[in-house]
Amino acid sequence: MQGPDRKTGAEVMLAHLSDPHLPLPKGVPLRAVLNKRLLGLLSWHTKRHRRHRPEILARLTADMQGHVPDLIMVSGDLTNLGLCSEYRAARHWLDTLGDPARVMTIPGNHEALVTGAWDRGAAQWQPYWQGDAEHESTDVTCAFPVLRRRGGLALIGVSSAVVSPPGFAVGEVGRGQRDRLVALLHQTRAEGLFRLLMIHHPPLPGTVSSRKHLRDHAEFCALLEREGVEMVLHGHSHRSHHQMLPTCDGPAPVIGVPSASSMHHEPAAYNLYRITRADDGWQVEATTRYMGAAGHMETGRSFGIALARGHAA
Ligand SMILES: [Fe+2]
(Lines give C-alpha, C1' and ligand atoms only; values in the text may rest on other atoms or scores of the structure.)
Protein backbone atom coordinates (compact mmCIF):
# COMPACT_ATOMS: atom_id res chain seq x y z
CA MET A 1 0.00 0.00 0.00
CA GLN A 2 0.98 3.58 -0.34
CA GLY A 3 1.82 5.27 2.92
CA PRO A 4 4.12 7.58 4.75
CA ASP A 5 7.82 6.85 4.51
CA ARG A 6 9.43 7.66 7.82
CA LYS A 7 12.84 8.22 6.28
CA THR A 8 11.73 10.71 3.63
CA GLY A 9 8.85 12.29 5.54
CA ALA A 10 6.50 11.42 2.66
CA GLU A 11 2.85 11.99 3.37
CA VAL A 12 -0.22 9.83 3.63
CA MET A 13 -3.73 10.83 2.58
CA LEU A 14 -6.45 9.43 4.79
CA ALA A 15 -10.23 9.78 4.33
CA HIS A 16 -12.73 9.48 7.18
CA LEU A 17 -16.47 8.93 6.77
CA SER A 18 -19.12 7.67 9.13
CA ASP A 19 -22.71 6.67 9.75
CA PRO A 20 -23.73 5.81 6.17
CA HIS A 21 -26.83 3.91 7.42
CA LEU A 22 -27.22 1.97 4.18
CA PRO A 23 -30.78 1.33 2.91
CA LEU A 24 -32.68 -1.38 4.72
CA PRO A 25 -32.96 -4.47 2.45
CA LYS A 26 -36.47 -5.54 1.49
CA GLY A 27 -38.18 -8.46 3.18
CA VAL A 28 -37.26 -8.03 6.83
CA PRO A 29 -38.39 -11.24 8.59
CA LEU A 30 -41.00 -10.56 11.27
CA ARG A 31 -39.32 -12.80 13.85
CA ALA A 32 -36.13 -10.74 13.55
CA VAL A 33 -37.85 -7.53 14.59
CA LEU A 34 -40.01 -8.70 17.50
CA ASN A 35 -37.66 -6.91 19.87
CA LYS A 36 -35.96 -3.50 20.09
CA ARG A 37 -35.57 -3.60 16.33
CA LEU A 38 -39.32 -2.93 15.97
CA LEU A 39 -38.80 0.69 17.09
CA GLY A 40 -35.88 1.01 14.68
CA LEU A 41 -37.96 -0.44 11.85
CA LEU A 42 -40.78 2.06 12.50
CA SER A 43 -38.25 4.88 12.66
CA TRP A 44 -36.72 3.80 9.35
CA HIS A 45 -40.07 3.63 7.54
CA THR A 46 -41.48 6.85 9.02
CA LYS A 47 -38.46 9.16 8.67
CA ARG A 48 -34.97 7.72 8.43
CA HIS A 49 -35.33 6.30 4.92
CA ARG A 50 -35.92 9.87 3.72
CA ARG A 51 -32.86 11.20 5.56
CA HIS A 52 -30.25 8.59 4.63
CA ARG A 53 -30.11 8.52 0.86
CA PRO A 54 -27.98 6.08 -1.17
CA GLU A 55 -27.58 8.62 -3.98
CA ILE A 56 -26.00 11.10 -1.54
CA LEU A 57 -23.65 8.42 -0.26
CA ALA A 58 -22.73 7.41 -3.82
CA ARG A 59 -21.88 10.97 -4.80
CA LEU A 60 -19.86 11.51 -1.65
CA THR A 61 -17.84 8.30 -2.03
CA ALA A 62 -17.19 9.03 -5.73
CA ASP A 63 -15.80 12.42 -4.72
CA MET A 64 -13.69 10.80 -2.02
CA GLN A 65 -12.27 8.21 -4.42
CA GLY A 66 -11.37 11.05 -6.79
CA HIS A 67 -8.86 12.21 -4.17
CA VAL A 68 -7.25 8.74 -4.22
CA PRO A 69 -6.82 8.36 -0.44
CA ASP A 70 -4.22 5.87 0.73
CA LEU A 71 -6.46 4.84 3.62
CA ILE A 72 -10.23 4.98 4.18
CA MET A 73 -11.62 4.92 7.72
CA VAL A 74 -15.34 4.20 8.33
CA SER A 75 -16.38 4.80 11.93
CA GLY A 76 -19.48 2.62 12.23
CA ASP A 77 -23.27 2.65 11.88
CA LEU A 78 -23.27 1.15 8.41
CA THR A 79 -26.57 -0.60 9.26
CA ASN A 80 -29.82 0.43 10.93
CA LEU A 81 -31.10 -2.67 12.74
CA GLY A 82 -27.98 -4.86 12.67
CA LEU A 83 -29.78 -7.52 10.60
CA CYS A 84 -27.86 -10.29 8.82
CA SER A 85 -29.15 -8.99 5.48
CA GLU A 86 -27.84 -5.53 6.35
CA TYR A 87 -24.44 -6.92 7.24
CA ARG A 88 -24.33 -8.66 3.85
CA ALA A 89 -25.33 -5.47 2.01
CA ALA A 90 -22.78 -3.46 3.97
CA ARG A 91 -20.06 -5.97 3.09
CA HIS A 92 -20.81 -5.37 -0.60
CA TRP A 93 -20.59 -1.63 -0.01
CA LEU A 94 -17.26 -2.00 1.82
CA ASP A 95 -15.98 -4.04 -1.13
CA THR A 96 -16.78 -1.12 -3.43
CA LEU A 97 -14.66 1.20 -1.29
CA GLY A 98 -11.46 -0.73 -1.79
CA ASP A 99 -9.15 -3.49 -0.66
CA PRO A 100 -9.53 -4.33 3.06
CA ALA A 101 -5.82 -3.54 3.44
CA ARG A 102 -6.62 0.14 2.92
CA VAL A 103 -10.21 0.26 4.21
CA MET A 104 -10.86 -0.07 7.93
CA THR A 105 -14.14 -0.02 9.84
CA ILE A 106 -15.44 -0.48 13.39
CA PRO A 107 -18.96 -1.19 14.71
CA GLY A 108 -21.41 1.49 15.85
CA ASN A 109 -24.40 1.18 18.16
CA HIS A 110 -26.72 0.23 15.27
CA GLU A 111 -24.57 -2.84 14.58
CA ALA A 112 -25.30 -3.96 18.14
CA LEU A 113 -28.97 -2.99 18.32
CA VAL A 114 -29.94 -6.28 19.96
CA THR A 115 -27.96 -8.94 21.81
CA GLY A 116 -25.84 -11.05 19.47
CA ALA A 117 -26.29 -8.84 16.39
CA TRP A 118 -22.65 -7.70 16.22
CA ASP A 119 -21.33 -11.11 17.31
CA ARG A 120 -23.09 -12.71 14.33
CA GLY A 121 -22.45 -9.90 11.85
CA ALA A 122 -18.78 -9.29 12.61
CA ALA A 123 -17.57 -12.26 10.55
CA GLN A 124 -19.05 -10.69 7.40
CA TRP A 125 -16.83 -7.62 7.82
CA GLN A 126 -13.79 -9.21 9.42
CA PRO A 127 -11.27 -8.30 6.68
CA TYR A 128 -12.29 -4.69 7.21
CA TRP A 129 -12.03 -4.51 11.00
CA GLN A 130 -9.34 -6.99 11.90
CA GLY A 131 -5.83 -5.94 12.83
CA ASP A 132 -2.54 -7.12 11.38
CA ALA A 133 -1.77 -9.89 13.88
CA GLU A 134 -2.06 -13.32 12.22
CA HIS A 135 -3.20 -15.03 15.39
CA GLU A 136 -5.74 -12.35 16.20
CA SER A 137 -8.78 -13.66 18.03
CA THR A 138 -11.97 -14.20 16.04
CA ASP A 139 -13.93 -13.75 19.28
CA VAL A 140 -15.25 -10.23 18.74
CA THR A 141 -15.70 -9.57 22.44
CA CYS A 142 -11.92 -9.59 22.95
CA ALA A 143 -10.69 -8.82 19.44
CA PHE A 144 -10.72 -5.05 20.05
CA PRO A 145 -8.80 -2.83 20.13
CA VAL A 146 -7.21 -3.78 16.82
CA LEU A 147 -3.98 -2.42 15.41
CA ARG A 148 -2.87 -1.92 11.83
CA ARG A 149 0.56 -0.52 11.07
CA ARG A 150 0.65 1.46 7.85
CA GLY A 151 3.99 3.10 7.25
CA GLY A 152 4.47 5.53 10.11
CA LEU A 153 0.86 5.27 11.28
CA ALA A 154 -0.68 3.05 13.94
CA LEU A 155 -4.38 2.72 13.06
CA ILE A 156 -6.14 1.67 16.25
CA GLY A 157 -9.79 0.59 16.07
CA VAL A 158 -11.82 0.62 19.29
CA SER A 159 -15.31 -0.86 19.63
CA SER A 160 -17.91 1.07 21.62
CA ALA A 161 -20.78 -1.06 20.30
CA VAL A 162 -22.96 -2.33 23.14
CA VAL A 163 -26.67 -3.08 23.42
CA SER A 164 -28.68 -0.14 24.83
CA PRO A 165 -32.14 -0.08 26.39
CA PRO A 166 -34.94 1.10 24.04
CA GLY A 167 -34.64 4.82 23.33
CA PHE A 168 -30.92 4.87 24.15
CA ALA A 169 -27.84 4.71 21.91
CA VAL A 170 -25.05 4.61 24.44
CA GLY A 171 -21.60 3.12 23.94
CA GLU A 172 -18.98 1.57 26.18
CA VAL A 173 -15.35 0.59 25.70
CA GLY A 174 -15.18 -1.59 28.79
CA ARG A 175 -12.43 -2.49 31.24
CA GLY A 176 -10.85 -5.31 29.25
CA GLN A 177 -10.57 -3.32 26.06
CA ARG A 178 -9.21 -0.30 27.94
CA ASP A 179 -6.53 -2.48 29.54
CA ARG A 180 -5.47 -3.85 26.15
CA LEU A 181 -5.51 -0.33 24.70
CA VAL A 182 -2.97 0.84 27.29
CA ALA A 183 -0.51 -1.76 26.02
CA LEU A 184 -1.16 -0.87 22.35
CA LEU A 185 -0.66 2.86 22.89
CA HIS A 186 2.49 2.22 24.90
CA GLN A 187 3.92 -0.16 22.32
CA THR A 188 3.21 2.03 19.28
CA ARG A 189 4.54 5.11 21.06
CA ALA A 190 7.82 3.23 21.61
CA GLU A 191 7.86 2.45 17.87
CA GLY A 192 7.64 6.17 17.09
CA LEU A 193 4.29 5.83 15.28
CA PHE A 194 1.49 8.35 14.75
CA ARG A 195 -1.30 6.84 16.85
CA LEU A 196 -4.62 7.39 15.11
CA LEU A 197 -7.53 6.02 17.11
CA MET A 198 -11.01 5.47 15.66
CA ILE A 199 -14.12 4.99 17.84
CA HIS A 200 -17.81 5.35 16.97
CA HIS A 201 -18.98 7.34 20.01
CA PRO A 202 -17.53 10.80 20.76
CA PRO A 203 -15.18 10.32 23.71
CA LEU A 204 -15.32 13.83 25.14
CA PRO A 205 -18.17 14.56 27.60
CA GLY A 206 -20.96 16.90 26.49
CA THR A 207 -20.55 16.19 22.76
CA VAL A 208 -23.84 14.27 22.69
CA SER A 209 -26.67 13.84 25.21
CA SER A 210 -26.41 11.28 28.00
CA ARG A 211 -28.93 9.19 26.05
CA LYS A 212 -26.27 8.66 23.36
CA HIS A 213 -22.98 9.09 25.18
CA LEU A 214 -20.00 6.89 25.89
CA ARG A 215 -20.75 5.49 29.34
CA ASP A 216 -17.10 5.13 30.38
CA HIS A 217 -15.92 8.37 28.78
CA ALA A 218 -14.19 9.49 31.98
CA GLU A 219 -12.04 6.36 32.22
CA PHE A 220 -11.43 6.30 28.47
CA CYS A 221 -10.33 9.96 28.25
CA ALA A 222 -8.16 9.58 31.37
CA LEU A 223 -6.45 6.65 29.66
CA LEU A 224 -5.78 8.67 26.50
CA GLU A 225 -4.50 11.60 28.55
CA ARG A 226 -2.16 9.30 30.45
CA GLU A 227 -0.88 7.19 27.53
CA GLY A 228 -1.03 9.83 24.77
CA VAL A 229 -2.52 9.67 21.30
CA GLU A 230 -2.00 11.77 18.17
CA MET A 231 -5.56 11.96 16.75
CA VAL A 232 -9.02 10.56 17.51
CA LEU A 233 -11.73 10.19 14.85
CA HIS A 234 -15.37 9.46 15.61
CA GLY A 235 -18.93 9.60 14.23
CA HIS A 236 -22.32 8.90 15.88
CA SER A 237 -23.70 12.46 16.32
CA HIS A 238 -24.20 13.09 12.58
CA ARG A 239 -22.56 16.45 13.17
CA SER A 240 -19.05 17.83 12.79
CA HIS A 241 -16.97 18.33 15.93
CA HIS A 242 -13.49 19.79 16.32
CA GLN A 243 -12.14 19.38 19.84
CA MET A 244 -8.76 19.00 21.51
CA LEU A 245 -7.79 16.50 24.19
CA PRO A 246 -4.81 17.29 26.42
CA THR A 247 -2.45 14.31 26.72
CA CYS A 248 0.91 13.61 28.32
CA ASP A 249 2.51 13.91 24.86
CA GLY A 250 0.72 17.14 23.88
CA PRO A 251 -2.76 18.15 22.68
CA ALA A 252 -4.52 15.71 20.33
CA PRO A 253 -7.34 16.65 17.93
CA VAL A 254 -10.64 14.80 18.44
CA ILE A 255 -12.68 15.16 15.26
CA GLY A 256 -16.19 13.99 14.45
CA VAL A 257 -17.66 13.84 10.96
CA PRO A 258 -21.37 14.08 9.95
CA SER A 259 -23.26 11.19 8.38
CA ALA A 260 -22.07 10.37 4.86
CA SER A 261 -25.62 9.86 3.57
CA SER A 262 -27.81 12.50 5.23
CA MET A 263 -28.49 16.23 4.93
CA HIS A 264 -30.69 16.25 8.04
CA HIS A 265 -28.52 17.67 10.85
CA GLU A 266 -25.68 18.91 8.67
CA PRO A 267 -24.74 18.39 5.03
CA ALA A 268 -23.34 14.95 4.30
CA ALA A 269 -19.56 15.13 4.52
CA TYR A 270 -16.25 13.35 4.85
CA ASN A 271 -12.85 14.57 5.98
CA LEU A 272 -9.49 14.26 4.27
CA TYR A 273 -6.26 14.25 6.29
CA ARG A 274 -2.82 14.71 4.85
CA ILE A 275 -0.35 13.54 7.51
CA THR A 276 3.32 14.38 7.07
CA ARG A 277 6.37 13.78 9.23
CA ALA A 278 7.95 16.99 10.51
CA ASP A 279 11.22 17.62 12.32
CA ASP A 280 9.57 17.64 15.74
CA GLY A 281 6.54 15.43 15.15
CA TRP A 282 3.81 15.51 12.51
CA GLN A 283 1.87 18.03 10.48
CA VAL A 284 -1.80 17.29 9.82
CA GLU A 285 -3.70 19.16 7.09
CA ALA A 286 -7.45 18.59 7.36
CA THR A 287 -10.11 19.38 4.75
CA THR A 288 -13.86 18.79 4.83
CA ARG A 289 -15.68 17.89 1.64
CA TYR A 290 -19.47 18.24 1.93
CA MET A 291 -22.56 18.14 -0.25
CA GLY A 292 -23.77 21.64 -1.02
CA ALA A 293 -27.42 22.66 -1.37
CA ALA A 294 -27.23 22.31 -5.15
CA GLY A 295 -26.12 18.69 -4.81
CA HIS A 296 -22.49 19.32 -5.72
CA MET A 297 -19.55 18.41 -3.52
CA GLU A 298 -17.79 21.45 -2.11
CA THR A 299 -14.74 22.16 0.02
CA GLY A 300 -15.53 23.23 3.57
CA ARG A 301 -13.36 23.91 6.57
CA SER A 302 -9.61 23.43 6.09
CA PHE A 303 -7.00 23.76 8.78
CA GLY A 304 -3.54 22.58 9.75
CA ILE A 305 -2.36 21.21 13.09
CA ALA A 306 1.29 20.84 14.07
CA LEU A 307 1.66 17.97 16.54
CA ALA A 308 4.97 18.25 18.36
CA ARG A 309 5.82 14.81 19.70
CA GLY A 310 9.04 13.72 21.33
CA HIS A 311 8.56 10.07 20.40
CA ALA A 312 8.47 10.92 16.66
CA ALA A 313 11.99 12.33 16.71
FE1 LIG B 1 -24.34 5.85 16.28
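Residues numbered from 1 in each chain as written. Predicted model: local features only at pLDDT ≥ 70, side-chain atom pairs only at ≥ 80, totals over all residues.

(A) View of the overall build of the protein. When helices and strands are tallied, the protein shows seven helices and 12 strands. Along the first, second and third principal axes, the C-alpha set of the protein runs to 60 × 45 × 35 Å. Going through the 313 residues of the protein one by one, you find that 46% of them count as buried. Counting contacts in the protein only where the partners sit at least 6 residues apart, residues at least 24 apart contribute 68% of the total. (Helix = DSSP H or I, 4+ residues; strand = E, 2+ residues; numbered from the N terminus. Buried ≥ 20, exposed ≤ 12 C-beta atoms within 10 Å, placed from the backbone. Contact = placed C-beta atoms within 7 Å.)

(B) Spatial organisation of helix 7 (residues 217–227). If you check which residues of helix 7 are buried, you get His217, Phe220 and Leu224. On an axial view of helix 7, the arc spanned by its buried residues comes to 70 degrees, and they lie on one face. Of the exposed residues in helix 7, those oriented more than 90 degrees away from the buried face are Ala218, Ala222 and Arg226. Positive phi shows up at Gly228, right after helix 7, with a value of about 85 degrees. (Arc of directions from axis to C-beta.)

(C) Fine view of the pairing of strand 11 (residues 281–291). Relative to strand 11, strand 10 (residues 269–278) runs antiparallel, the two sharing 10 bridges. From the neighbouring strand, Arg277 faces strand 11, where its bridge partner is Trp282. The loop that links strand 10 with its antiparallel partner strand 11 comprises two residues. Both strand 11 and strand 12 (residues 297–308) contribute to a ladder of 10 bridges, which runs antiparallel. If you follow Ala286 over to strand 12, its bridge partner there is Phe303. (Pairing = 2+ DSSP bridges.)

(D) How the structure looks around the environment of Ser302. Within the secondary structure, Ser302 is located in strand 12. Residue classification places Ser302 among the exposed residues on the basis of 10 C-beta atoms within 10 Å. Taking the C-alpha atoms as reference points, Ser302 and Thr288, separated by 14 residues in sequence, lie 6.4 Å from one another. In contact with Ser302, other than residues within four places in its own chain, are Ala286 and Thr287.

(E) Seen up close, the pairing of strand 10. Sheet topology note: the strand 1 (residues 12–17)/strand 10 ladder contains five bridges and is antiparallel. Along strand 10, the bridge assignment pairs Met13 with Arg274.

(F) Spotlight on the nonpolar core. Counting 74 residues, the largest nonpolar core has Met73, Val158 and Leu196 as the members making the most contacts within it. Counting residues per element, this core draws most heavily on helix 4 (residues 117–129), which supplies six residues. In contact with Leu196, other than residues within four places in its own chain, are Leu153, Ala154, Leu155, Ile156, Glu230, Met231 and Leu233. (Core = buried A, V, L, I, M, F, W, Y, C linked by C-beta atoms within 7 Å.)

(G) Looking closely at the environment of Ala143. Residue placement: Ala143 occurs in helix 5 (residues 140–143). In this structure Ala143 comes out as buried when scored by C-beta crowding, with 20 C-beta atoms within 10 Å. Expressed as a C-alpha distance, the spacing of Ala143 and Val158, which sit 15 residues apart in the sequence, is 9.5 Å.

(H) Main features of the sheet that holds strand 2 (residues 71–74). Across the sheet, six strands lie side by side as 3-2-1-10-11-12; this open sheet has mixed pairing. Looking at strand neighbours, the two that pair on one side only are strand 3 (103–105) and strand 12, the edges of this open sheet. The sheet shows a mean angle of 20 degrees between the axes of neighbouring strands, taken without regard to direction. Set on the sheet, helix 2 (residues 54–66) makes contact with strand 1, strand 10, strand 11 and strand 12; between it and strand 11 the angle comes to about 145 degrees. (Axes fitted to C-alpha atoms, helices over the stretch in contact; angles between N-to-C directions.)

(I) View of the sheet that holds strand 8 (residues 241–245). Taking strand neighbours across the sheet as the criterion, the six strands line up as 4-5-6-7-9-8 in an open arrangement whose pairing is mixed. The open sheet terminates on both sides in strands that have one partner only, identified here as strand 4 (146–150) and strand 8. With strand direction ignored, the average angle separating the axes of adjacent strands in the sheet is 20 degrees. Sheet analysis places strand 6 (residues 194–198) next to strand 7 (residues 231–234), joined by three bridges and oriented parallel. Considered in strand 7, the bridge of Leu196 is made with Met231. Most of the contacts of helix 6 (residues 175–190) go to strand 6, to which it runs at about 150 degrees, and overall it touches strand 4, strand 5 (153–157) and strand 6.

(J) The arrangement of the confidence of the model for the protein in detail. Mean pLDDT over the protein works out to 93, with 95% of the residues at or above the 70 mark. Taken together, the stretch residues 1–8 has pLDDT below 50 and engages in 23 contacts with residues farther than four places along the chain or on a different chain. (pLDDT = per-residue confidence, 0-100.)

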